[in-house]
Amino acid sequence: MTDVRVRFAPSPTGSLHIGSARTALYNFLYARHNKGTMVLRIEDTDEKRSTTEHDRGIIENLAWLGLQADEGPDVGGPFGPYRQSERSDIYEAAVQKLLADGAAYPCFCPQEMLEQKNEALLAAGKMPKYDRTCCSLTKDEVAARLAGGEQAAIRFKVPDGDVNFADLIHGPITFSSDVIGDFIIKRTDGGYSYNFAVVVDDAGMEITDVIRGEDHITNTARQLMIFAALGKPAPRFGHHSLILAPDGSKLSKRHGATSVAQFRGLGYLPAAITNYLALISWHPQDEREKFSLAELMEEFEIERVSKSPAIFDLQKLNWLNGLYIREMAPKDLFVAVAPYLADSGMAFAPVQQEVVAEAIQANLVTLSDAPQYAEVFHVDADPATCSGAPDLTGPQSSQLFELAIEHFKQMPAEFLPVPEAREVLRGLVEAAKEKGVKGKAVYHPLRVALSARGEGPELFYLVAGLGKTKILKRLESAAAYAARFADPTL
Ligand code: GLU
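Residues numbered from 1 in each chain as written. Predicted model: local features only at pLDDT ≥ 70, side-chain atom pairs only at ≥ 80, totals over all residues. Heavy atoms only, no water.

Trainee: In this structure, what is going on with the nonpolar core? I would like to understand it.
Mentor: Soluble, globular proteins show a tendency: their nonpolar side chains are buried together. The biggest cluster of nonpolar side chains holds 106 residues, and the ones touching the most others in it are Phe-312, Phe-401, Phe-408 and Leu-475. If one sorts the elements of this core by residue count, helix α1 (residues 18-33) sits on top with nine residues. Leaving out residues up to four positions away in the same chain, Phe-312 has contacts with Ile-18, Ile-243, Leu-244, Pro-246, Leu-251, Phe-263, Tyr-276, Ile-280 and Leu-317. With 37 residues, the next largest nonpolar core counts Phe-156, Ile-173, Val-210 and Leu-230 among its residues. (Core = buried A, V, L, I, M, F, W, Y, C linked by side-chain atoms within 4.5 Å. Buried < 20%, exposed > 50% of the residue type's maximum accessible area, 1.4 Å probe, protein only. Helix = DSSP H or I, 4+ residues; strand = E, 2+ residues; numbered from the N terminus. Contact = heavy atoms within 4.5 Å.)

Trainee: Help me understand the site of the ligand in this model?
Mentor: Taken together, Arg-7, Ala-9, Ser-11, Glu-43, Tyr-194, Val-198, Arg-212 and His-216 form the complete shell of residues around the ligand. At a separation of 2.6 Å, a nitrogen atom of the ligand approaches a polar side-chain atom of Glu-43. Interatomic distance of 2.8 Å between a side-chain N/O atom of Arg-212 and an oxygen atom of the ligand. Here the ligand loses 78% of its free accessible area of 300 Å² to cover by the protein chains. (Near = heavy atom within 4 Å. Polar contact = N/O pair within 3.5 Å; in protein donor to acceptor, adjacent residues only side chain to side chain. Areas by Shrake-Rupley, 256 points an atom, 1.4 Å probe, with all protein chains shown as cover.)

Trainee: What exactly am I supposed to notice about the packing of aromatic side chains here?
Mentor: Where two aromatic rings form a pair, the distance of their centres and the angle of their planes describe that pair. Scanning the model with the defined rule gives 12 aromatic pairs in all. Measuring from centroid to centroid gives 6.0 Å for Phe-165 and Phe-237, while their planes differ by 70°, and the two rings are edge-to-face. Remark: Phe-237 occurs in strand β9 (residues 236-240) and Phe-165 occurs in strand β5 (residues 162-167); sequence separation between them is 72 residues. The exposure classification of Phe-165 matches that of Phe-237, with both residues buried. Look at Phe-263 and Tyr-268: their rings are 5.5 Å apart centre to centre, the planes differ by 75°, and that puts the pair in the edge-to-face class. Each member of the pair, Phe-263 as well as Tyr-268, is classed as buried. Each member of the aromatic cluster is reached from another via a ring pair, and the members are Tyr-26, Trp-282, Phe-291 and Phe-300. We note Arg-222 situated over the ring of Phe-183; from NZ or CZ to the ring centre the distance is 5.6 Å. Between Lys-290 and the ring centre of Tyr-324, over which it is positioned, the NZ or CZ distance is 4.6 Å. (Phe/Tyr/Trp six-rings, centres within 6.5 Å; stacked < 30°, edge-to-face > 60°. Lys NZ or Arg CZ within 6 Å of the ring centre and 35° of its normal.)

Trainee: In this structure, what is going on with the environment of Leu-242? I would like to understand it.
Mentor: If you trace the backbone, Leu-242 turns up in the loop between β9 and β10 (243-244). Using a relative accessible area of 36% as the deciding quantity, one classes Leu-242 as partly exposed. Separated by 71 residues in sequence, Leu-242 and Asp-313 place their C-alpha atoms 14 Å apart. Not counting residues up to four positions away in its chain, the partners in contact with Leu-242 are Arg-22, Gly-213, Glu-214, Asp-215, Pro-309 and Ala-310.

Trainee: I'm lost on helix α18 (residues 459-466) in this one. Help?
Mentor: Counted residue by residue, α18 has eight buried out of eight residues, so it is predominantly covered. The complete set of buried residues in α18 reads Leu-459, Phe-460, Tyr-461, Leu-462, Val-463, Ala-464, Gly-465 and Leu-466. Gly-467 sits one or two residues past α18 and shows a positive phi near 90°.

Trainee: So what exactly am I meant to see when it comes to the sheet that holds strand β4 (residues 153-156) here?
Mentor: Strand pairs in the sheet, formed through backbone hydrogen bonds, run parallel or antiparallel to each other. As summarised here, the arrangement of the three strands in space is β3-β4-β7, forming an open sheet in which the pairing is antiparallel. Of all strands in the sheet, those bounded by a partner on one side alone are β3 (104-107) and β7 (184-186). Geometrically, the sheet is characterised by an average inter-axis angle of 45° between neighbouring strands, direction not taken into account. Pairing of β4 with β7 involves two bridges; the strand directions are antiparallel. Within the sheet, the bridge partner assigned to Arg-155 lies in β7 and is Ile-184. (Pairing = 2+ DSSP bridges. Axes fitted to C-alpha atoms, helices over the stretch in contact; angles between N-to-C directions.)

Rendered as structure tokens:
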């Protein structure tokens, strides 16, 4: 273990967004790559918008992605509590320290007055900034106004000078404190501001590196001032770009799925999502594109994260998802697709399950595609009604189906393993050849008869996965249909 400590600090005001998952991933990979610690801190100070359901959902979806933090509200740790709503005493102590040091002061200015002053500044072409009316109040004046029942917010006294920091992704950044007015750290309602609570927590939790979205860059200046005022060492900061939709706008509902839970529901695999999110801004040393989470932990370096906007590319995520699906053992794949099959009213006997999974594996982009491909093993579609029906009526089809019925009647069991199914099929092809039916005149009509489709899984999968009863039933209806054409008087 090194002393590297990072944190992922979501606000539980919504479901885990794919962009937040990327922040979590980069923190996780940074921690793992540097043999450090990842902390999960739930920033639930917005009581109105934070819910336990979202809190739980975030923890659950992080675990699903494989991004389990080392410390957090679910696993505990030496720097808890890990929910901001449980840390008020810690914030209050920090407020009192800043007040005692003269680094903060109570402010009684009413909201309407502040708004009027800001409007006047704007009208004069100036930047709205607090004019420090309450900064010069004496201790006695403050005490008297509080005793008189007035409510005070607490403002941080912004020191003069520039604030500089070396961003891990953007390089050197400078802010002039001239543009930053004394900001509120504790509101009149008793709540603590984000910029204040986050610093008290990052300091208290001994965070060494803050990796987050670049929408927080301007907050960093304020946060660095508070670290200095508290006499605490500041962490390193790295701000990654935000995920944008292909049209350059913020990724939102109208572009499709945006939360981890939605991608999960659509049948994306966690390994594909983490692989994709890593590649969205990180450039590996070589041309490789496929990285397991373990490989990412090994190879992810923050120096190779680009600051360019990250454009969400669903095609690439789909491609990666397909790769990971094809890597699954058919047994595991069946378990993964079973809920989607069940939703479509499909169930398969245990002996069929691996065959069905293996048969559809190459076609799947997401797990939710499974029903459309597995359907051939399930429905009792009438071959006569399918688009390939004309193929059932070739001059030799009747003969083929009769032969096939005799052949499949000899199947030793209701279901055959794939290798045996291949043998049975080979035997049929041989027997048909002897009768002068060969090539396309065998394969295509047989496929249509067995699946009522012109295309689909390899024939031997159909033979293995359908079961003897279904095979014979379908062949019999195909035979009856073909016979009608062979002899129109029937
Ligand atoms: N709760 C903040 C957010 O979700 C955390 C920002 C930070 O990492 O400091 O945006």
